[in-house]
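Summary of structural features
This is what each chain is made of:
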Amino acid sequence: MVLSDYANIKILKYEPLRIHYCKRIKILDEKAKGRADIIIPYYHSDGYDKINSMRAQTINVVNGKIEKTALKNKDFFKTKLDEHRSELKFSFPNIKVGSIIEYSYTLETGRYNNLKKWSFQTDIPTLYSQVNASIDSKFNYRVSYQGARLMKKYREGNYNSWMLTNLPAIKPEPFCLNEHDYIEQINFQLESYYNSSGFKEMVLKTWDEFAKDLINEQEFQKILKKVKEGKEIIAPIIKPNDSDHDKIRKIFDHVSSNYEWNEYVGVYPSKNFKTIVADKKGNAQDINLLLVLLMRSAGLDADPVLLSTKSHGFVSKSFTFTDQFNLLICNVHLDGKDILLDASLGKRPYDLLPVRNLNFLGFLIHENKSRWVEIPVRKKTRTVKLVNMKFENPEKIKYKLEVAAREYDAYNLRNELKNTDIKKYFFDNLVREAAEVSIDSVASKNLDEINKPVFITAYITDKNLCVTNDEFVYLNPFVDYFDATNLFSENIRYFPIDLIYPFERSYILNLTIPEKYEVLEYPEPLNLKLPEEKGFIKFASSLNNNNFQLRMTIMFKDHFFLPNEYPYLKELYDLYIEKRQEQIVLKKKT
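So, here is what we can say about the structure in this document. (Residues numbered from 1 in each chain as written. Predicted model: local features only at pLDDT ≥ 70, side-chain atom pairs only at ≥ 80, totals over all residues. Heavy atoms only, no water.)

Description of the overall build of the protein chain
Regarding its fold elements, the protein chain presents 10 helices and 35 strands. Its C-alpha atoms give the protein chain principal-axis dimensions of about 100 × 85 × 45 Å. The 590 residues of the protein chain split such that 47% are buried. Partitioning the intrachain contacts of the protein chain with sequence separation of at least 6 by distance along the chain shows that 70% fall at a separation of at least 24. Accessible surface, the protein chain: about 30,200 Å² in total, of which carbon and sulfur atoms supply 47%. (Helix = DSSP H or I, 4+ residues; strand = E, 2+ residues; numbered from the N terminus. Buried < 20%, exposed > 50% of the residue type's maximum accessible area, 1.4 Å probe, protein only. Contact = heavy atoms within 4.5 Å. Areas by Shrake-Rupley, 256 points an atom, 1.4 Å probe, with all protein chains shown as cover.)

Describing the packing of helix H4 (residues 227-234) against helix H7 (residues 284-297)
Contact geometry for H4 and H7: axes closest at 8 Å, N-to-C directions at 80 degrees. Considering their axes alone, H4 and H7 lie roughly perpendicular with respect to each other. Across from Val 227, Gly 230, Lys 231, Ile 233 and Ile 234 in H4, the residues of H7 making contact are Leu 293, Leu 294 and Ser 297. Here the contact of H4 with H7 is built from residues that sort into 5 nonpolar, 2 polar and 1 charged. (Axes fitted to C-alpha atoms, helices over the stretch in contact; angles between N-to-C directions. Parallel < 35°, antiparallel > 145°, perpendicular 65-115°, else oblique. Nonpolar A, V, L, I, M, F, W, Y, C, P; charged D, E, K, R; others polar.)

Some remarks on the sheet that holds strand S6 (residues 77-80)
Strand order in the open sheet formed by 3 strands is S3-S7-S6, and the pairing between neighbours is antiparallel. Each having just a single partner strand, strand S3 (37-43) and S6 make up the two edges of the open sheet. Ignoring which end each strand starts from, the neighbouring axes of this sheet average 25 degrees apart. Examined bridge by bridge, S3 and strand S7 (residues 85-91) share 7 bridges and lie antiparallel to one another. Opposite Tyr 43, over in S7, you have Arg 85 as the bridge partner. (Pairing = 2+ DSSP bridges.)

Description of the side chain of Lys 138
Mapping Lys 138 onto the fold places it in the loop between strand S10 (126-135) and strand S11 (139-146). Despite its burial, Lys 138 pairs with no opposite charge; the closest candidate is Asp 136, at 6.9 Å N-O. Not counting chain neighbours up to four residues away, the residues in contact with Lys 138 comprise Lys 13, Tyr 14, Ser 192, Tyr 193 and Tyr 194. (Lys, Arg positive; Asp, Glu negative; His and termini not counted. Salt bridge = Lys/Arg side-chain N within 4 Å of Asp/Glu carboxyl O.)

Comments concerning the nonpolar core
Here is a general trend for soluble globular proteins: nonpolar side chains tend to be buried in one another's company. Among the nonpolar cores identified, the biggest contains 70 residues, and Met 389, Tyr 399, Phe 426, Ile 460, Leu 475, Leu 511 and Phe 556 are the most heavily contacted of them. Ranked by the residues each element gives to this core, the list is headed by helix H10 (residues 566-580), at 6 residues. If we ignore the near neighbours within four places in the chain, the residues touching Met 389 are Ile 397, Lys 398, Tyr 399, Leu 465, Leu 475, Val 479, Leu 509, Asn 510, Leu 511 and Thr 512. Of all hydrophobic cores here, the second largest spans 44 residues; its members include Ile 251, Ile 276, Ile 339 and Ile 365. (Core = buried A, V, L, I, M, F, W, Y, C linked by side-chain atoms within 4.5 Å.)

Considerations on the side chain of Asp 181
Relative to the assigned elements, Asp 181 resides in the loop between strand S12 (161-167) and strand S13 (185-194). Buried and unpaired, Asp 181 has Lys 310 as its nearest opposite-charge partner, separated by 7.7 Å. Only 2.8 Å separates the side chain of Asp 181 from the backbone nitrogen of Phe 314, close enough to count as a polar contact. Residues in contact with Asp 181, not counting those within four places in the same chain, are Gln 146, Lys 310, Gly 313 and Phe 314. (Polar contact = N/O pair within 3.5 Å; in protein donor to acceptor, adjacent residues only side chain to side chain.)

Quick word on the pairing of strand S27 (residues 472-475)
As defined by bridge partners, strand S26 (residues 466-468) adjoins S27 across 3 bridges and the pair is classed as antiparallel. Within S27, the residue paired with Val 467 across the bridge is Tyr 474. As consecutive antiparallel partners, S26 and S27 are separated by 3 residues. Bridge count for S27 against strand S35 (residues 584-588) is 4 bridges, and the pairing is antiparallel. The residue bridging Phe 472 from the neighbouring strand is Lys 587, located in S35.

Quick word on unusual backbone geometry
The phi torsion at Asn 63 lies on the positive side, around 55 degrees, for a residue other than glycine. For Asn 63, the position within the fold is in the loop between strand S4 (49-62) and strand S5 (65-70). In this structure Asn 63 comes out as exposed when scored by relative accessible area, which is 78%. Phi angles above zero are rare outside glycine, and Ile 500 is one such case at about 80 degrees.

What to know about H10
Between its first and last C-alpha atoms H10 spans 21 Å; for 15 residues at 1.5 Å apiece the expected length is 21 Å, and the two agree. Looking only at H10, the buried set comprises Tyr 566, Leu 569, Lys 570, Leu 572, Tyr 573, Tyr 576, Ile 577, Lys 579 and Arg 580. Residues of H10 that are buried in the fold lie against strand S28 (497-498), strand S31 (526-529), strand S32 (535-544), strand S33 (547-556) and strand S34 (560-561). (Expected span 1.5 Å × (residues − 1).)

Points about the pattern of salt bridges
Where charged atoms from two side chains of opposite charge approach closely, those side chains can pair. For the coordinates displayed, the defined rule picks out 34 salt bridges. Between Asp 242 and Lys 250 there is a salt bridge, with its nearest N and O atoms 2.9 Å apart. As far as burial versus exposure is concerned, Asp 242 and Lys 250 are alike and both buried. Residue Asp 409 pairs with Arg 505 through a salt bridge whose shortest N-O separation is 2.6 Å. Highlighted residues: Asp 409 in helix H8 (residues 407-416) and Arg 505 in strand S29 (residues 503-512), separated in sequence by 96 residues. Note on Arg 505: relative accessible area 11%, which makes it buried.

Below is the structure:
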């Protein structure tokens, strides 16, 4: 547990930036003893960073008395990692459960524009965290807040001291690809300063300036200037009577099918036009800048767009820094709408962005028309499972299972089946987990038609679907294994829930009851909605003579939920799982 975490920032006129750090941690169990090994990274290049005034000690209570063991200068080790980076290492002695470790140091640097952000939370609970800033009026820093508590406490007014207490640990949670997007944190950025002549020097560029400088970089122009060569590539691909949408699809299909991604992402391309075309391989920037060029060569309004992938984190509009972004894609503006394209992940529908890209905002870079672009999320991804069952022998039930997958579900299913036997995949993922289930036959449709839904049909025999005795049959109406686990099992949620995209899962059972049986019990109907109708679960069943039908649908119309909405999500999914356990009870007619 962090007992206290403290930083005091001082930036005085004509003096280095100084930050004094002091941290105190209590060791609560054996697993936490590794906290006694400390590593402090810094930059040694050009003498920028210096670490001074190192102090460290272990505090124990022995026989009711406080015992302190201080580290000496020889206990601190500096290691050079490369030509720019170094680290300071030290370890605390006499560590026991209950020990308190305390260390402090001062960092001096001449890099005023590199004031690090302050995170109030770590991967263990923090009782007290505070940062103070004393900055000379010569420097103008922009301060931005992240985190609900911080923004609520300091949303108005100017401050030079910030403090929070009783902060939970940062722990990974399901459906949160980057928890650091939501932790309590302050960001500092040097916006401008007054030089020795008293004139104001701007450090932080405007977004228009940022875009203009970037697009004119030589690495970009080596690709984007090759319009003549681009026209030669697309000449056999598109036809004179093709619509603009046809052109977009054909060019995208050409690039995504013929150019291989080397699994590197970033902002700057690594190759020129000639090398990309010759190698047929490159990083995401190489491939997508080529896509921009070919779209422009076809007369389309295309531009590069920078974004940050979901695992990389959110982009802040407050700071114009390249390292906020880690991916470049293509945008085509057509009929007043943006069509975002990423050809680096192989064959896919051109208008279906990879899930890594669905991170709210991208920044379009252009010499004179840069702008922010909303990253669209498709309205709904859907999978429907239809079961037609007619049994004569309850101990050996045969049924037909049809699966129809669309949008991201179809794309994911195609990828799963690339290197997997379809029968094995079907058994491992789509049918109920049971030892006595056999797949008699299975067939697929549209696996190679990327713009169409994927259909899979299987004929299955299950010897363990029912529990029987002389009088009753207890039938499990859900034969599938997919979606049978609870997505929201934790009782408390600290971070928002990001389902990536809206989705719908439907299950339909058509059951023909043998003449010698009658239906005694079957699941009751259910209709539960989330607040603001952001999702729902519907469960309905009906009996008409000897034909029984069950329909169950769970749908999320939105993909992003705040922590205070979590209890509703949990209740919804708890009921979904509960309804899947209910049975149909048949009784032999007398």
